[in-house]
Amino acid sequence: MLLRPLRPVQPLLPALCPPRRRLSVPPGAARLPLRQRLAVAGAAAAAAAGGWLYLRHQKEQQRRSRRLRELRALALGQGDFELLDTAGTARSKADFLGRWVLLYFGFTHCPDVCPEELEKLSRAVRLLERDPALPPVQPLFVTVDPERDDAAALARYLRDFHPRLVGLTGTPEQVRAAAGAFRVYVSAGPRDADGDYVVDHSVLTFLVDPDGLCRDCYGRSRTAEELARSVRGHMDTYEPLPPAGQE
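Residues numbered from 1 in each chain as written. Predicted model: local features only at pLDDT ≥ 70, side-chain atom pairs only at ≥ 80, totals over all residues. Heavy atoms only, no water.

## Re the layout of surface pockets
Estimates place the volume of the largest pocket at around 260 Å³. In terms of lining residues, the largest pocket is bounded by 16 residues, among which Val144, Pro146, Pro172, Arg176 and Val186 are the most central. Elements with a contribution of two residues or more to the lining of the largest pocket: helix 5 (172-181) and strand 6 (186-188). The leading source of residues in the lining of the largest pocket is helix 5, at five residues. A breakdown of the residues in the lining of the largest pocket according to their chemical character gives 11 nonpolar, two polar and three charged. (1 Å grid on protein atoms, 1.4 Å probe; cavity = no way out; pocket = protein on both sides within 12 Å on 5 of 7 lines; lining within 4 Å. Points joined across faces, edges and corners; volume = space filled by probe spheres on them. Helix = DSSP H or I, 4+ residues; strand = E, 2+ residues; numbered from the N terminus. Nonpolar A, V, L, I, M, F, W, Y, C, P; charged D, E, K, R; others polar.)

Next up, the structure:
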């Protein structure tokens, strides 16, 4: 039996993958030079980037305006108080707007903590006063014991500390409201045989900026040097809130 030679198998690839046709510019159409084509592409990219940056700027402006409105509303209500100073003059937070304030809550019969904290606060203010380029800081002391700390008692007590330290007192309801506005804990202890008592309270010094916003608070472990350094840092980065309608 004779075997017939097999026919060579034709490859299928050319049939499956026809040769690519090269795109060409239509007859009569002028082809832009490479430099012009790059310029057109660059201009289109710049226009797209510019549009994106504009939209981003608009969004950022809206976010900033909304944040400023929130901060302004917060400044009006945060930590507000209605009290009396040692001269009997009514004082509220609005009287101290435009100034940096270091505020401490305590009482004149405090055996050790309050005198130490007021001395630390006074030293921090003096350290800041050494730099005439810095705005002045107003120290404030608000009593948490209005029953014993009337205006005269505060005036006598505060003479041992910074000369610009302002003392504030009021009715029990006013003092309680002021402490609550700063979330300061206050609790009078039991009276002894002589009717004396100790007031337990939060040991915190608050930094309030010229807009009336509470910027920071400092516990008992912070030194006067640390307070002064922190206050200076807040002053360096402070940006005042613009007037309403000028966001």
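## Observations regarding empty space enclosed by the protein
Summed over all chains, the structure comprises one cavity of 30 Å³ or more. Estimated volume of the largest cavity: approximately 50 Å³. Taken together, Gly79, Phe81, Lys93, Phe96, Val101, Leu103, Leu140, Phe182 and Val208 form the lining of the largest cavity.

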